[in-house]
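# Structure at a glance
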Amino acid sequence: MHIGTMLNYSGGFNETVAEVAELEKAGLDIIFVPEAYSFDAVSQLGFLAAKTSTIKIASGIFQIYTRTPSLTAMTAAGLDYVSEGRFVLGLGASGPQVVEGFHGVKYDAPIARTREVIEICRQVWRREKVQYQGKHYQIPLPADQGTGLGKPLKLINHPVRDRIPVVIAALGPKNVELTAEIAEGWQPIFYFPEKAADVWGDSLAAGKAKRDPSLGELQVFASPTLAIGEDAEKYLPWVKPHLALYIGGMGAKGKNFYNSLAQRYGYEAEAEKIQDLYLAGKKEEAAAAVPDELARAVNLIGPESFVKERVAAFAEAGVTTLNVAPLAENTAGRVAQLTALRELTA
């Protein structure tokens, strides 16, 4: 079992990078840099590459709509170069609130676009002359859609690797199936080990049946919050606002992927109540409505013996990396939490 973590969306980045250096010394395997509508992830990943030496660095995630496929490939190749082969390309569709609300780009066909983006990226990394005629991307641009002067080009530089690992953040059945078919890794959110097979098992099996063996086994990156200790149960209410934000506030009625996930886990009434409260502006009440069972199941919070049992459950359900968010007051506390988790997974 590998151990990773996600950087915060905001805050002092210099201080965060100093902490990452300490986490690297403690044996952290991978760190993800998000890119919602904060600073871009690319500049931060480049800075991290210069300040670290062994830890893998990953985008968590680049959403597929605002960079062209070729630019995504170029960016990934550049980050892999400056990190000496340590970059992991995390991709995802994000959601219409960010894509249309912040970027002003139409949110459409996320599954088909994801496939096309990855196929084009792999052409670029192999230094082929990029020629692609998909439904959503045509390269070079057809003459009747532009000047007619476009011609096939290949990447000037030689990438460190011609196959940079791709991890897709996916929740829906068809997107998970696509991920299991074409990506090196899968990043689900709010992973409930005991119910994962019921929710995603058929999709994963369908995708793996079409999977190219050269991709290797699908790597699964779960993202629980971490708090190990005899008094760690006190942190359970701390994770509920985060769950409520996603289940209740990340989308509208009928257009919230995380709400749908909670319902698929068996919390139909609870998910509806959380959403109603959140959209009505009653955020504290929405957080209080998050079931203890759900908050406990998708995180690693409790005494060492309990967390050890939960780590085993995650492993049994196919998780290969625990991409945790340690709850602690300072760097020393977070390092201690990650070290304790490392010992439990040894």
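Overview of the structure. (Residues numbered from 1 in each chain as written. Predicted model: local features only at pLDDT ≥ 70, side-chain atom pairs only at ≥ 80, totals over all residues. Heavy atoms only, no water.)

Next up on the list: the packing of aromatic side chains. Here the structure, examined in full by the defined rule, presents 13 aromatic pairs. Aromatic pair Tyr37 and Phe102: ring centres 6.0 Å apart, planes at 45°, arrangement tilted. With Tyr37 in the loop between β2 (30–33) and α2 (41–51) and Phe102 in the loop between α4 (96–99) and α5 (110–125), this residue pair connects regions lying 65 residues apart in the sequence. By relative accessible area, which is 54% here, Tyr37 ends up exposed. For Phe102, a relative accessible area of 52% translates into the label exposed. Seen in terms of ring centroids, Trp186 and Trp200 are 5.0 Å apart; in terms of plane orientation they differ by 85°. Their pairing is edge-to-face. A residue pair is termed long-range when its members are at least 10 positions apart, and Trp186 in strand β9 (residues 185–187) and Trp200 in helix α7 (residues 193–208) qualify at 14 residues. (Phe/Tyr/Trp six-rings, centres within 6.5 Å; stacked < 30°, edge-to-face > 60°. Helix = DSSP H or I, 4+ residues; strand = E, 2+ residues; numbered from the N terminus. Buried < 20%, exposed > 50% of the residue type's maximum accessible area, 1.4 Å probe, protein only.)

Next up on the list: a nonpolar patch on the surface. On the surface, a nonpolar cluster with roughly 300 Å² of combined accessible area is contributed by Tyr81, Val82 and Val160. Along the chain, Tyr81 turns up in helix α3 (residues 69–82). (Patch = residues over 30% accessible without salt bridge, like charges linked within 9 Å, V, L, I, M, F, W, Y side chains within 5 Å. Areas by Shrake-Rupley, 256 points an atom, 1.4 Å probe, with all protein chains shown as cover. Salt bridge = Lys/Arg side-chain N within 4 Å of Asp/Glu carboxyl O.)

Turning our eyes to something else, we now look at α3. Taking 1.5 Å as the rise per residue, α3 with 14 residues should run 20 Å; its terminal C-alpha atoms sit 20 Å apart, in good agreement. Residues of α3 that are buried: Pro69, Thr72, Ala73, Thr75, Ala76, Ala77, Leu79 and Asp80. Taken together, the buried residues of α3 touch α2, β4 (62–63), β5 (87–92) and α5. Note on α3: the residue one or two positions beyond its end, Glu84, has a positive phi of about 60°. (Expected span 1.5 Å × (residues − 1). Contact = heavy atoms within 4.5 Å.)

Membership of the largest hydrophobic core comes to 102 residues, with the highest contact counts inside it found for Leu89, Trp125 and Trp200. Contacts of Leu89, omitting those with residues within four sequence positions, involve Ser59, Phe62, Thr72, Ala76, Cys121, Trp125, Ile164, Pro165, Val166 and Val167. Judged by nonpolar contacts, the second largest core, of six residues, contains Ile30, Phe32, Ala58 and Val167. (Core = buried A, V, L, I, M, F, W, Y, C linked by side-chain atoms within 4.5 Å.)

Judged from the four bridges that link them, strand β1 (residues 2–6) and strand β13 (residues 321–326) form a sheet pairing that is parallel. Residue pairing for β13: Thr5 is matched across the bridge by Val324. The sheet contact formed by β1 and β2 spans three bridges and is parallel. Paired with Met6 across the two strands is Phe32, which belongs to β2. (Pairing = 2+ DSSP bridges.)

Along the polypeptide, Asn259 turns up in helix α9 (residues 257–264). Overall, Asn259 belongs to the buried group, its relative accessible area being 4%. Residues within four places of Asn259 in sequence aside, it is in contact with Tyr246, Ile247, Ala271, Glu272 and Gln275.

Attention shifts here to the pairing of strand β8 (residues 166–169). Within a regular beta strand, the side chains point alternately toward one face of the sheet and then the other, so they alternate between its two faces. As defined by bridge partners, β5 adjoins β8 across four bridges and the pair is classed as parallel. Of the residues in β8, the one forming a bridge with Gly92 is Ala169. Bridging between β8 and β9 involves three bridges; their strand directions are parallel. Bridge pairing in β9 links Ile168 to Trp186.

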